[in-house]
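Summary of the model geometry
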Amino acid sequence: MSPKSLKRSLFPALAGLLLAAAVQAQVAVRILSPEAGQPVFGSTDVRVGVQAGVPIDRVEVFVNGKLAGTCKQPPYHVQVDVGEENVKREFKAVAYTPTGGSGADSVLTQPVTINDQMDLKLRALFVSVTRDGLRALNLGKDDFEVRDNGVPQEVVTFGRDELPLTAVLLLDTSESMSKRQEAVRRGAKAFLDGMKSSDEAMMALFSDRLLRFTPFTSDKKALETAIASTQAAGGTAVNDFLYMSLKLLDARQGQRVVVLFSDGSDVHSVLPASDVLWKSRAGQALVYWIQLGGKHESFTSSFRDFKANDKEYEELEKTVKESGGRVLTIERLEDLEDAFRNVLKELREQYAVGYYPNNAKGDGKWHKLDVRVKGGGRARTREGYADY
Amino acid sequence: MRVRAEAMFVGGPVAWLAVAVWLSAGLAAWAQPVPGTQGGAGALGLRAREKVPPAKIQEIYRKVLADWSAGETERAPNELIELESAVVLDADAATRKVLLKEEQAVIHQVGAADLEVLVPIAVLHHEAYRRLLERGFHGHALAMIHTRTMARDLAILYHDQSGSEGASLVSSRLLTSLGGLLQQSAQQLPAAEMFQQAVELDSKNVAALLGLATIFEKNAQTESAVKHLRRVLEVEPGNVEGRLRLAMNLRRQPDHGPEAAKLLTDLTAVTEPSWAMPLAFQELGRLYSDEGKTAEAEKVLRQGLKRYPNDLRLHVQLAAVLDRRGAPGEATALVEKALTLPMGEEASARFLYNTVRQDAFAAARTFLAENSRSRLPVLAQALGAPPPAAGTGVGK
């Protein structure tokens, strides 16, 4: 057989093979969410992107090898409850054509490593976005632009309501709060009731001294008991115990937050508010401050005069705002439960936007952050950080 | 004895301003029951707003004094409260004049025999005032002011009439104790006046000087505070609280940092146990931190922790310094260790520093009680009442 005849005789078979390969190659599948390496808990929206030159019959989604759902129409996505277990999970998506062609993609998500060494270089920003006064909850990673000292950054991790929460409930239990104890207990309980099983909290009740605290735990009963069994006494030392809380959160992972309830009239701290501000700038935790009454009244003490105390108050407010948290002012004790609930809701609705700063120097200098949302909207996050 | 009516019970303009304030506050609650009763009559059978005839007031007042002189230390002050609260109405300032006139008449009678009777009578009014404060005074503000003013004016009168050094000491301590009670109930201005008068009677009265200095300190009048604290240290050079407060007030003045640092450094070497000692380390550490001398701050805080290993604040403070000095790991370990310390039971040194500690007036009160007790037989004799049983005491 001459080479030419060989070519001829092989052609139909080769052409068939090439056609089949072309059809297969046309089904390009990519899992858009969740992202590889991210922790995933609870209800998860698995979004699949499919590009094909032929119609797609269906997309099947598998979690750890088990069929979790099928979608027949674009946009292809399947809602899956993966549970609260902190484990690795394999997500796989397979798209099929009516003729039997298919394409697939898979990603491996990772558990949250608690108490382990964290990657200090990754900066996690928690961003609240509002559009027309309402929270925007359907944004994707590509909707965000992050600038660090004006330098654009690549967003490498992204999610919302996915990271477990690590909270310190820092409750002023000074003598002046003794009649408010029950309301504080109810408020804190409202927060605890909203916690997921993967979340953890530490309860710290303070006055001029630490009256009681719990370790970080998901055991809501233990946390509630701590408040119920604590008697209000003494003065107020917000700075000292806020610093302690921020320091303890340094070693934790997840979405870290301090929820402080106090009038903020710090009489007894040894640390100035500037130390707390410094600590907050060097860390990644958010600080929320729930205040009763709201209007700061100047006061003098044996440690500081009116002016110095006013400055302390202003710096505490600055700490809260710079951290990306908020000062929530309530007029009545009855509103305390809602205030705690609102803090939790806001945390749940924040986008976790992570990036590796491409301009980090570790020189302790201030980095101003600017997060923008494409298509408009107001993004609120921490104002910056000290580069340590 | 010649009782100077013009000196007694008149008070200065500030006192009458205070009366006016109290009056307006008391008007809303003027119908309160007599303190110590269940809304009805007390041991004397008096009711609030009861019209007590002048002769009856004198009779009851004499009975109260007789009970006091007989060592009825629980009953007599309560009876006095019942009498004065029944007669003096917040809504009618004139009622105080009625009571004053009748009590004054009795004091004229018993004081004529022996000036020394003024001491136990003053202490009785002091004790009644202390109890009124302890129980709350809603609706009886004017009666409170009356009995406090009686105590003060009797003390001053005793000093003026006696002229002895012993009388100065007794009177000064009574005013000091009253000042402490006023300070405790957040009445800074009357407290300052009381301490000032105490110091005028006895320039070496350390408790009064410290009381006055703390009021100046709290009101950001550091120069006056420093002046009085220097006087404390002239009398008692080793007074730990005086040295600490002087350092703290000097720190708040420009250009006095080195003197403050020296005072605090010297204090950290003191071995005498005192609630104030951990503060010396904390404040010296703070001073160094504020000046950017973090190495010195670290050194002094480590020394402090060695001396006071259970002091939570020294842990936190050292952690903050170490954080800044680039040792976040040790800082975290310190904060975690702080959580293992005994907690919540005792007020912190910082709280005590900013609070009116009644133990600061304990010595003055013991001195008063002893002086009152020793004069009870004289009072009993002046009243024609039986002398007190042996072993009875007065005052707290």
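Here the structure is a predicted model, which is why all the values come from computation and not from measurement.

Some points on the nonpolar core
Proteins that are soluble and globular tend to have nonpolar side chains buried together. Judged by nonpolar contacts, the single largest core of 186 residues is most densely connected at Leu169(A), Leu170(A), Ala204(A), Val258(A) and Val259(A). The element best represented in this core is helix α6 (residues 141–162) of chain B, accounting for 12 residues. Formed by 18 residues, the second largest nonpolar core is a distinct cluster that contains Val46(A), Ile56(A), Val61(A) and Tyr76(A).

A closer look at the sheet that holds strand β5 (residues 76–81) of chain A
All names here are of chain A. Pairing within the open sheet is antiparallel, and its 3 strands lie in the order β1-β2-β5. Of all strands in the sheet, those with a lone pairing partner are β1 (28–33) and β5, marking the two edges. With strand direction ignored, the average angle separating the axes of adjacent strands in the sheet is 25°.

Overview of the interface of chain B and chain A
Each partner contributes residues to the interface: chain B has 27 residues there, and chain A has 27 residues. Going through the elements one at a time, α9 (206–218), α13 (277–290), α15 (312–324), α16 (328–338) and α17 (349–353) of chain B are the ones with two or more residues in the side of chain B that touches chain A. Residue contributions to the side of chain B that touches chain A peak at 7 residues, all from α15(B). When the residues that make up the side of chain B that touches chain A are grouped by side-chain class, the tally is 13 nonpolar, 8 polar and 6 charged.

Some thoughts on the domain arrangement of chain A
All names here are of chain A. The assigned domain composition of chain A is domain 1 (22–109), domain 2 (123–161 + 351–386) and domain 3 (165–348). Here domain 2 and domain 3 have C-alpha centroids that lie 25 Å from each other. The partner domain 3 presents 10 residues to the 12 residues of domain 2 that form the contact. Elements with a minimum of two residues in the side of domain 2 that touches domain 3: β8 (123–131) and β22 (384–386). Residues of the side of domain 2 that touches domain 3, tallied by class, amount to 5 nonpolar, 3 polar and 4 charged.

Some points on the packing of helix α3 (residues 75–87) of chain B against helix α5 (residues 118–135) of chain B
Residue and element names in this part refer to chain B. Contact geometry for α3 and α5: axes closest at 9 Å, N-to-C directions at 75°. Relative to α5, the element α3 lies roughly perpendicular. Residue-level inspection shows Ala76, Pro77, Leu80 and Ile81 of α3 in contact with α5, the latter providing Leu124, Glu127, Ala128, Arg131 and Leu132.

Concerning unusual backbone geometry
All names here are of chain A. Residue Pro34 is reached from Ser33 by a cis peptide bond, and omega for that bond is 0°. Mapped onto the elements of the fold, Pro34 is located in the loop between β1 and β2 (43–51). Between Pro74 and the following residue, Pro75, the backbone shows a cis peptide bond with an omega angle of -5°. Structurally, Pro75 is set in the loop between β4 (66–71) and β5. One non-glycine residue, Asn149, lies in positive phi territory at about 55°. Following the sequence through the fold, Asn149 ends up in the loop between β10 (144–148) and β11 (151–153). The partly exposed category is assigned to Asn149, around which 15 C-beta atoms lie within 10 Å. In the Ramachandran plot, Asp161 falls in the positive-phi region, its phi being about 55° despite a non-glycine side chain.

A word on the sheet that holds strand β20 (residues 366–373) of chain A
Strands pair in a sheet through their backbones, by hydrogen bonds, and they do so in one of two ways: parallel or antiparallel. Residues and elements named next belong to chain A. The strand order β11-β10-β20-β22 describes an open sheet built from 4 strands, whose pairing is antiparallel. Of all the strands in the sheet, just β11 and β22 have a single pairing partner and so form its edges. Averaged over all adjacent pairs, the angle separating strand axes in this sheet is 30°, with direction ignored. Relative to β20, β10 is paired through 5 bridges, and the arrangement is antiparallel. Residue pairing across strands places Val146 opposite Val371, the latter belonging to β20.

About the thresholds
- Residues numbered from 1 in each chain as written.
- Chains lettered and ligands numbered in written order.
- Predicted model: local features only at pLDDT ≥ 70, side-chain atom pairs only at ≥ 80, totals over all residues.
- Core = buried A, V, L, I, M, F, W, Y, C linked by C-beta atoms within 7 Å.
- Buried ≥ 20, exposed ≤ 12 C-beta atoms within 10 Å, placed from the backbone.
- Helix = DSSP H or I, 4+ residues; strand = E, 2+ residues; numbered from the N terminus.
- Pairing = 2+ DSSP bridges.
- Axes fitted to C-alpha atoms, helices over the stretch in contact; angles between N-to-C directions.
- Contact = placed C-beta atoms within 7 Å.
- Nonpolar A, V, L, I, M, F, W, Y, C, P; charged D, E, K, R; others polar.
- Domains from an automatic or database assignment.
- Parallel < 35°, antiparallel > 145°, perpendicular 65-115°, else oblique.

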